[in-house]
Amino acid sequence: MRCLVAIAAFMLLSTVGVRAAVPADCWTLHKHGASAKAQYCFESLIRSTHAYDRSEGYWGLEQWEQANSQFRLATQPIDSPVLYKVRWGMLLHERFNDSDSADLFREALAKDPSNAEAYVGLAVISAEDFDGKAAAYAAKAITLDPKLVEAHEVLADLALTNDDHEAAAAEADKAIALADDALDAMATHAAIELLADHSPDLWLAKIRAVNPHYGEAYARIAHQLELHYRYEDAVAWYGKAIEVDPQDWSAHSALGIDLMRLGKENEPYQELQLAYSNGYRDAATVNSLRLLDSYKNFDTIRDSSTILKLNKSESALLLPYIQPELQTILATYKKKYRMTLPGPVQVEVYPNHEDFAVRTTGMPGLGALGVTFGEVVAMDSPSARKPGDFNWGSTLWHEMSHVFILTATNHRVPRWFTEGLAVHEEGMHSPEWRNRVTPDVLVAIRDKKLLPIDKLDRGFVFPDYPAQLVVSYFQAGTICDFIGEKWGEAKLLDMVHSFAIMQTTTQAIQQNLALVPDQFDKQYLAWIDHKYGSQAAHFDEWREKLKSVVTAAEQKQYDMVRQQGPAVLALYPEYVDDANVYELMADAYKAAGTKSEAAILTAYEYAGGESPTTLKRLAILEESLGHPADAIATLQRLNYIYPVKDEELHRHLGDLLYTQKQFAGAIREYNAVVACNPVDRAGAEFNLAQAYFAAGQNVKAQDSVLAALEAAPGYRPAQKLLLQLQQTPSKSN
Ligand SMILES: [Zn+2]
């Protein structure tokens, strides 16, 4: 059982009347593993005449509903002690109701702004949300009550999550100095040792000396390992938690979730179901069970090096795109990183974003588009997103870089580096997928908010301001771009090897680039300034001028758009999102009937613009200008952006490829049309049959032509093709 134990000493004196026992004493017995005595103690509490005592008693006996109603009763009197609300909040947090829990902490603080425990409660909730406020709450609690053990424990845990091992150890030491049974602080120490690949035995012995059945310590260690991508180790430590406390349902649930992350199928269900049937029904448990149940809707497609899990509703459509891309990625990275993965990589593609989100539960900042757990990648399907919002190709290249780097470093790599390298790899594969500077990033550059390299991890875990996560991805990516550009791509691989032997960022920079972090920061910032300084400095000017171009476009003052557009574009050419100048100028050129429309849209495409409507418009222009190869290339980009629910795209691309005698591509596209369940099934099958026939694949051509005739028996062109096929000697399949 997870429990936020110790209660402040003053509560022992809080009320008068009949008291069979004192809650704090019962919790101390519980914390020290004296289960029978604790049980007896809690039972006597529920016989108390005080509602508050009864609430603690029921809580200790895990009779949650009764505990909840007794807290309600206890807090009714206007002058009830603030502590009751804080404790009630802690109970609700333990029972998965963080929103009411946070409200209670706030109500407590409204009554008593100096209540340190309430700040600890808020810190615990914020820490689990990774909302960036947890450390401030914990620090506030310590200011109000420097002797509050839990506050130091929470701060220690937060510091370790942030990879600040020194601060973590220092806070844990403070907690232990205040209380020799500060078990969670000891667990933080054990986790620090494990993360550095040292033995945690000393600390484990101390924990066992206080309470041999304190499974929570092992679960806390497991959680830290999980946060540092060490899922297999986390599984082992959750196992230990369960070994010493088989009824630690929260550990069962967390174990189930980590087993899912490792791509296991049956064990996760057993663990999660066990937790659920014993009343542990937090959102993660419930959602994970639901997700496991939905796996029946997925096809599993294996080859020698990949396992693809695609939803049945779209697997026929997506497989011909995703599987070859994955093979290309594997071959590219194998060569670049000079390694082979130990087993097949599993890629799960979720058409329902919520299902994918379940896979990232409890992880900081990873949830955007894809997430990698060792050799398992989970990602959104293009159908989970708005067309143009998401590029599954760049996401797959990104996540697969994580797979290689996590494997190469045995999961011992700083967050900033694995993220930076993954972002860098997207741009290495296609300049259109490179790390584009967004408005948030320009503002951060202008306001000098980029972090020193040895502190960059913090931007990923507990961001200080809302855009910091995005800014940190950009910074990490451009750091890798800079290293690749100045010292060569091979240096990035050397750094991977440094991290594999547990070097810190400082050591890896010194060893491979012969610089101390400060010097590196200076050089990098100069490089950034050269690249983006002017754009950042003129950001406000750009925004104002863009507004006036947008207004002109809305009023159809196309002359003005054509006059002002180029200067606005020059101020910030990487901007391709909503209301970008490229598209506004294209409309203005179109109104004037000039050929510049195609040119500006081509510039948009090369800048990485991904609006499907706009790219299709460009393809039509390219075709009409007599450049079918360009039209093909443009439409092929769309296959990475939104290949779903768009039979027109595949038919058009198929036709272009067929006309260009690129029959393999035409077959792929016409197959995609068939997989879209078109209304004109006969026509789709006939087109496919023709492409097979042209490619000399007569058996497949015959299958398709028969399918066309099955859909429309009187379909003359299909009848003719069938006759032709029957008269042609079969070449191959
Ligand atoms: Zn990533």
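Residues numbered from 1 in each chain as written. Predicted model: local features only at pLDDT ≥ 70, side-chain atom pairs only at ≥ 80, totals over all residues. Heavy atoms only, no water.

Draft legend 1. The overall build of the chain, seen in detail. Check the secondary structure of the chain and you find 38 helices and 5 strands. Each of the three principal axes of the chain carries a C-alpha extent, and together these read 100 × 60 × 55 Å. Counting every position in the chain, which comprises 733 residues, the buried fraction comes to 55%. In the chain, of all internal contacts separated by at least 6 residues, the share reaching a separation of at least 24 is 60%. Total accessible area on the chain is roughly 30900 Å²; 53% of this is exposed by carbon and sulfur atoms. A gap of 3 Å separates the mean positions of the 68 positive and 97 negative side-chain charges of the chain. (Helix = DSSP H or I, 4+ residues; strand = E, 2+ residues; numbered from the N terminus. Buried < 20%, exposed > 50% of the residue type's maximum accessible area, 1.4 Å probe, protein only. Contact = heavy atoms within 4.5 Å. Areas by Shrake-Rupley, 256 points an atom, 1.4 Å probe, with all protein chains shown as cover. Lys, Arg positive; Asp, Glu negative; His and termini not counted. Charge placed at Lys NZ, Arg CZ, Asp CG, Glu CD.)

Draft legend 2. The coordination of the zinc ion, seen in detail. Taken together, His-398 (NE2), His-402 (NE2) and Glu-419 (OE) make up the protein donors of the zinc ion, found 2.0 to 2.1 Å from the metal. Read from N- to C-terminus, the donor residues coordinating the zinc ion fall into the pattern H-x3-H-x16-E. With a gap of 21 residues between them, His-398 in helix α20 (residues 392-408) and Glu-419 in helix α21 (residues 415-429) connect regions that are remote in the sequence. Of the residues examined, His-398 reaches a relative accessible area of 9% and is grouped as buried. With relative accessibility at 2%, the residue Glu-419 sits in the buried group. (Donors = N, O, S within 2.8 Å, 3.2 Å for Na, K, Ca; no water.)

Draft legend 3. How the structure looks around the pairing of strand β4 (residues 370-373). Side chains Gly-370 and Thr-372 project from β4 onto one buried face, and the interleaved Val-371 and Phe-373 project onto a second face that is buried too. With 4 bridges joining them, β4 and strand β5 (residues 376-380) adopt antiparallel strand pairing. For Val-371, the partnering residue across the bridge sits in β5 and is Ala-378. Adjacent in sequence and paired antiparallel, β4 and β5 are bridged by 2 residues, among which Gly-374 carries a positive phi angle near 60 degrees. (Pairing = 2+ DSSP bridges.)

Draft legend 4. Layout of helix α18 (residues 315-336). Its 22 residues give α18 an end-to-end C-alpha distance of 30 Å, which sits within 8% of 32 Å, the value for a rise of 1.5 Å per residue. Ser-315, Leu-317, Leu-318, Tyr-321, Ile-322, Gln-323, Glu-325, Leu-326, Ile-329, Leu-330 and Tyr-333 are the residues of α18 that are buried. Looking one or two residues past α18, Arg-338 carries a phi angle of roughly 50 degrees, positive in sign. (Expected span 1.5 Å × (residues − 1).)

Draft legend 5. Structural context of the packing of helix α11 (residues 183-195) against helix α12 (residues 201-210). Contact geometry of α11 with α12 gives a least axis separation of 8 Å together with a crossing angle of 160 degrees. As judged from the angle between their axes, α11 and α12 are roughly antiparallel. In the crossing of α11 with α12, the sense of the turn from one axis to the other is left-handed. In this structure, α11 uses Leu-183, Met-186, Ala-187, His-189, Ala-190 and Glu-193 to contact α12, whose residues at the interface are Trp-203, Leu-204, Lys-206, Ile-207 and Val-210. Tallied by class, the residues present in the contact of α11 with α12 amount to 8 nonpolar, 1 polar and 2 charged. (Axes fitted to C-alpha atoms, helices over the stretch in contact; angles between N-to-C directions. Parallel < 35°, antiparallel > 145°, perpendicular 65-115°, else oblique. Left-handed = near helix turned anticlockwise from the far one by under 90°. Nonpolar A, V, L, I, M, F, W, Y, C, P; charged D, E, K, R; others polar.)

Draft legend 6. Representation of the state of the cysteines within the structure. Summed over the entire model, instances satisfying the criterion amount to 1 disulfide. Bridging Cys-26 to Cys-41, the disulfide has an S-S length of 2.0 Å. Because the torsion about its S-S bond is -70 degrees, the bridge between Cys-26 and Cys-41 counts as left-handed. With Cys-26 in helix α1 (residues 23-31) and Cys-41 in helix α2 (residues 35-45), this residue pair connects regions lying 15 residues apart in the sequence. (Disulfide = S-S within 2.5 Å.)

Draft legend 7. View of unusual backbone geometry. A positive phi angle is found at Glu-62, which is not glycine, with a value near 60 degrees. Along the chain, Glu-62 turns up in the loop between α3 (51-60) and α4 (64-74). Judged by relative accessible area, which is 33%, Glu-62 ranks as partly exposed. Phi is positive for Phe-130, close to 50 degrees, though the residue is something other than glycine. Its location among the elements puts Phe-130 in the loop between α7 (116-129) and α8 (134-144). Judged by relative accessible area, Phe-130 falls into the buried class, the value being 15%.

Draft legend 8. Fine view of the confidence of the model for the chain. With 95% of its residues at a pLDDT of 70 or more, the chain shows a mean pLDDT of 93. When the criterion is pLDDT under 50, residues 1-18 qualifies, and its contacts beyond four places in sequence or with other chains add up to 51 contacts. (pLDDT = per-residue confidence, 0-100.)

Draft legend 9. Fine view of the side chain of Glu-426. With respect to the element layout, Glu-426 can be found in helix α21. One buried charged residue, Glu-426, forms no salt bridge at all, with the nearest opposite charge on Arg-436 at 8.7 Å. Within polar-contact distance, the side chain of Glu-426 engages the side chain of His-398 at 2.8 Å. Not counting chain neighbours up to four residues away, the residues in contact with Glu-426 comprise Ser-394, His-398 and Trp-433. (Salt bridge = Lys/Arg side-chain N within 4 Å of Asp/Glu carboxyl O. Polar contact = N/O pair within 3.5 Å; in protein donor to acceptor, adjacent residues only side chain to side chain.)

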